[in-house]
Every structure is written in C-alpha cells, then in structure tokens.
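# A closer look at the structure
Next come the chains, spelled out residue by residue.
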Amino acid sequence: MTRVIIVRHGQSTYNTEKRIQGRTDASKLTEKGCNDANLVGKALSNISFNAIYSSPLQRAKQTAQIIWRSQANNSAQSVVPQTSDLLLEIDLPLWEKMLVAEVKQKFPEDYRIWKQSPHQFQMLVPNSEGDSREHYPVLALYEQARRFWQEILPRHSGQTILIVGHNGINRALISTALRISPSRYHSIQQSNCGVSVLNFAGNLGDAVQLESMNQTQHLGDILPSVRPNHHGVRLLLIRHGETEWNRQGKFQGQIDVPLNENGRLQAQKAAAFLKDVKLDFAVSSPMLRPKETAEIILQNHNSIKLELQDGFREISHGLWEGKLESEIEQEFPGELERWRTVPAQVQMPAGENLQQVWERSVATWQSVVETALANQLQTGIVVAHDATNKTLLCHILGLSPDNFWNFRQGNGAVSVIDYPSGLNGVPVLQAMNITTHLGGGVLDKTAAGAL
C-alpha cells in the first residue's frame, strides 16, 4: 500500500480578500495560515514521510516548509520538501487577482458555467500571435493531476508521501484517483490546511481507497464550514459503533448484532464530538447497532426525536451472514475475491446485490433531504452501516456501485454532506470518515471489520 496524505495550503491573503488566486504568486500566507500550518505539522508529527512534494507557489511551498520543520524534530525524518509544477493550482488567467464579486459581475455567464458545468467551462486566452487559444481550466487540471500520479506513484510504491497543494489541484488529485468526473469538480471541498488520506494498492488505475477527506479537527474546527450562500441542508452520515462481530471479522449483514462495549464508547465519543453541533433532525437504520449509536449521540440533543428508516438497513449477505471469511471461502470458493474486486457483480446467496441496496438506500436518502428542505431544517444525522454508507457516498459523487470499495467507513466515523443549492444543485462532500474523535489522530485506527 502507498499512503498519500494531501494537505491544502494555509489561509492566504487572497483567501481573506475573496480574490481569485489561480497561478498568481502574489498571494502569501496570513498569520493564521502560518499558525494552522504549524498545527498540521503537529497532527502529522508521528508519521514518517518518504517524500514531501509541494506546489512551487509560495503559499503552498511555505506551508510545506512549516510542516517539514515540525517533522524535522522526528529523528527518523530526513526528507526535504521538493516542488513539482504538476501541483500548480488551476490556471484561470483571465480571472486571476480579481475579486470573486467582480468576476460574477463582469463574466456572469462564464461564472454560471464554471459553477454548474465546470467540465464545459472555457476561456479564450490571448497569445503572442494576436489570436486566442481555447483553454478548458478544469479538464486541463485533471490531466495535470493524472500526470502527477503517473509520475509519482511508481517512484514511491509502498511508501508514505505528503503532498501540499491547493483547493483545485487537491480536488483533481482525489477525483482522478477515484475516477470522479470533472463535472463534479465542485462536489469535493478542501479547506485551508485540511487533511485527506488516500491509499493506493499500486499505480493509477489500480485499487485505491479514500481513507478520509478534509479533516479539520486539528485546527479546532469540528466540521468544515458551509460554503458562502449555502441555503440547503447538511447531513452528517455516521457509521454505527463496533460490534463483537466487527471485532471477530464475521459478516453480520441483517443479523441484528448489538454494539459491544467499545462500540458504545465510540458512540459516546461521537456524541461528545457533536455535542455543540446544532441538530434539527435524526434518522437511523432500524437495526440495533445504528439505532443505539444514534440514541447515544442524541443524549446531548434531547429535543430531537429519532426516526427509523428501513431503507438504511445493512446489505443482506444471505448465507454469508454469521460466517468468517475462511468459512465463506470454503463454502463459496472464489466469491469473496469477486466481492473484493467486482462488488457490483456479486449476488449474495439468498441475499441482496449492491444495486438493490443502492435503490432502497438512495431513495430513502433523497426522501430525507427533500423532507428537510421542505421543513427548512438545516442539519441532521443519518446513522447507518458500512455498505449502506459506501453506496450513498458513490451516489453523492456521481459514481456507480463499481466504486464501492473506494471509500472507508470506520466504526463511529462521521462524514459531512451539504446540499448548498437544495436538490437542484449537486451535493458537496465536505468531509469524509472523520475518526479523530476516536483517538487515532489523522489516521483511521478503528477495526476494519467485516460488513
């Protein structure tokens, strides 16, 4: 496994001015940006990196240097940050240095396309010959990200590397790794000094897992802030706490296994983590393990009534339920490998397939969003299961069930999904698989567990 930790640069002067940065190097880190970079360094201080890469633009380069200096205190850490032009920010030459408000006013139609159809957004950039070239900023950025992965991954097989980039290039790196379409460019958020973790089984195109995305807890931010002009709903998607069968590696599916003591502790830690978040509603799978997790979280939100939705029930593993992997392999030879590699093609014996889970869970999810919007509710929790949550994450990012294994969901983990423009706009994955409240730091230390 090659572990890649991706960090966005700290707050910059242009960030505070709400100015388009692109590839201009006039924007510098603010005092807060420097302080936050120090906090990232502390959060990553127990991780030894085999390489550190940053964008050559000073706001990212300085962030990398600050992180590296805190890493230099680690006696095992001797790598020096190096820059790569393939980590440059998205190229927006006609908008650079302009205030966002000015861009909206001067280029209203272009700005609309940029926001609604980023893959179609085009700039006609004047060249030295006196005519113009067609430039597609988002498509060019995705190609740049692919080239970075193709160059870097073979060089660092099985190692741990740190990348310090920008909002745009970091989104493109995550998206090209997971094969998220450029049309969903705005569906992923990257906060200043937010931390994301990707695990690669090989090179680009091989198996990859997004372990976590846009963690901001090391900065004192419980959850990433909502985007400007957010008028929709925020859903906190939570996986239930650990069960004894998770610990043992047994497939539980729709067998109603309760939380174990560690699972209750994880739920209590999730409750403490979310105690200051104002909740307006709560929904759970009716099964014991998510229901109890939700009830523990709601002890700090006494006025909220828990609603149970059968569509969020875990996948039925049929005849696999109650069995260890070794037992399944003996009874159904080769099927576990198919489940790991082509999950959308597997029909569980006497159980469900992922398409069936998709249809019921997505329909229920859409209903929850519609109800919240209709009642002008702002923030709610949805507590469900590993397979259910992974299926919902695929739906949110415009992926198919084939991408099921691209997402990690730790016991007691929290993911944040916003609908800033209601159901008419695309949802935004603000953060995914937050587990810092469970005591493992930046990395997910929860039991991998069977489903």
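First, a word on what this report is: a plain description of the structure on this page. (Residues numbered from 1 in each chain as written. Predicted model: local features only at pLDDT ≥ 70, side-chain atom pairs only at ≥ 80, totals over all residues. Heavy atoms only, no water.)

### Brief notes about the pairing of strand S14 (residues 428-434)
This is how it is decided: Only protein chains enter the accessibility calculation, which uses a 1.4 Å probe; a residue whose area is less than 20% of its type maximum is buried, one above 50% is exposed, and one in between is partly exposed. For the purposes of this entry, the term helix denotes a DSSP run of H or I that reaches at least four residues, the term strand denotes a run of E that reaches at least two, and both are numbered from the N terminus. When DSSP locates at least two bridges between a pair of strands, those strands are taken to pair.
Within S14, seven of the seven residues are buried, which leaves the element mostly enclosed by the surrounding structure. Where strand S13 (residues 414-423) meets S14, four bridges bridge the pair, whose relative direction is antiparallel. Along S14, the bridge assignment pairs Asp 418 with Val 428. What sits between S13 and S14 in their antiparallel hairpin is a turn of four residues.

### Regarding the side chain of Thr 63
Threshold: The contact criterion used throughout is that any non-hydrogen atoms of two residues lie within 4.5 Å.
Locating Thr 63 in the fold gives a position in helix H3 (residues 58-71). Relative accessible area serves as the criterion here: at 0%, Thr 63 is assigned to the buried category. Once you skip the residues sitting within four places of it in the chain, Thr 63 turns out to touch Arg 8, His 9, Gly 10, Leu 29, Ala 37 and Val 164.

### Description of the packing of helix H6 (residues 137-152) against helix H7 (residues 167-178)
Stated precisely, the cut-off is as follows: Axis lines are fitted to C-alpha atoms, over the contacting stretch for helices. Their N-to-C directions set the angle, which ranges from 0 to 180 degrees. Each angle gets one of four labels, with under 35 degrees taken as roughly parallel, over 145 as roughly antiparallel, 65 to 115 as roughly perpendicular, and the rest as oblique. Here is the rule for handedness: rotate from the far helix to the near one, and if that takes an anticlockwise turn smaller than a right angle the crossing is left-handed, while a clockwise turn gives right-handed. Each residue is assigned to one class: nonpolar for Ala, Val, Leu, Ile, Met, Phe, Trp, Tyr, Cys and Pro, charged for Asp, Glu, Lys and Arg, and polar for all the others, Gly among them.
Two elements in contact, H6 and H7, have axes separated by 8 Å at closest approach and are oriented at 65°. Relative to H7, the element H6 lies roughly perpendicular. Remark: the crossing between H6 and H7 carries right-handed chirality. Residues Leu 141, Tyr 142, Gln 144, Ala 145, Arg 146, Phe 148 and Trp 149 of H6 form the contact with H7, whose participating residues are Gly 168, Ile 169, Ala 172, Leu 173, Ser 175, Thr 176 and Ala 177. In terms of residue class, the contact of H6 with H7 is built from nine nonpolar, four polar and one charged.

### Quick word on the packing of helix H2 (residues 31-43) against H3
H3 packs onto H2 with a crossing angle of 40° between their chain directions and a minimal axis gap of 8 Å. Viewed along their axes, H2 and H3 adopt a mutual orientation that is oblique. As for the relative orientation of H2 and H3, their crossing is right-handed in sense. Residues Cys 34, Ala 37, Asn 38, Val 40, Gly 41 and Lys 42 of H2 touch H3, and the partners they reach there are Gln 62, Thr 63, Ile 66, Ile 67, Ser 70 and Gln 71. Of the residues assigned to the contact of H2 with H3, the class counts are five nonpolar, six polar and one charged.

### A closer look at the packing of aromatic side chains
Our working definition: In this scheme Phe, Tyr and Trp rings, the latter by its six-membered ring, pair at centre separations within 6.5 Å, and the angle between planes marks the pair as stacked below 30 degrees, edge-to-face above 60, and tilted otherwise.
One pass over the full model with this rule turns up 15 aromatic pairs. Judged by centre distance (6.1 Å) and plane angle (35°), the ring pair of Trp 95 and Tyr 111 falls under tilted. In this pair, Trp 95 sits in the loop between strand S3 (82-83) and helix H4 (100-106) while Tyr 111 sits in helix H5 (residues 108-116), placing the two residues 16 residues apart along the sequence. Both residues of the pair, Trp 95 and Tyr 111, belong to the buried class. Aromatic pair Trp 95 and Trp 114: ring centres 6.0 Å apart, planes at 85°, arrangement edge-to-face. Of this pair, Trp 95 sits in the loop between S3 and H4 while Trp 114 sits in helix H5, and the two are 19 residues apart along the sequence. Among the aromatic residues, those joined into a ring-pair cluster are Trp 95, Phe 107, Tyr 111, Trp 114, Phe 121, Tyr 142 and Tyr 185.

### A short note on the nonpolar core
Which entries qualify depends on this criterion: Among buried residues, those of type Ala, Val, Leu, Ile, Met, Phe, Trp, Tyr and Cys that are joined through side-chain atoms within 4.5 Å constitute a nonpolar core.
Counting residues in each nonpolar core, the largest one holds 67 residues, and the members touching the most others are Trp 95, Trp 149, Leu 198 and Trp 365. Among the elements that make up this core, the one with the highest residue count is H6 (seven residues). Every residue in contact with Trp 95, bar those within four places of it in the chain, is listed here: Ile 20, Val 103, Phe 107, Asp 110, Tyr 111, Trp 114, Phe 121 and Met 123.

### Quick look at the environment of Ile 328
Mapped onto the secondary structure, Ile 328 falls in helix H11 (residues 325-331). Taking the C-alpha atoms as reference points, Ile 328 and Phe 251, 77 residues apart in sequence, are found 9.4 Å from one another. What Ile 328 contacts, discounting residues up to four positions off in sequence, is Phe 251, Trp 320, Lys 323, Pro 333 and Leu 336.

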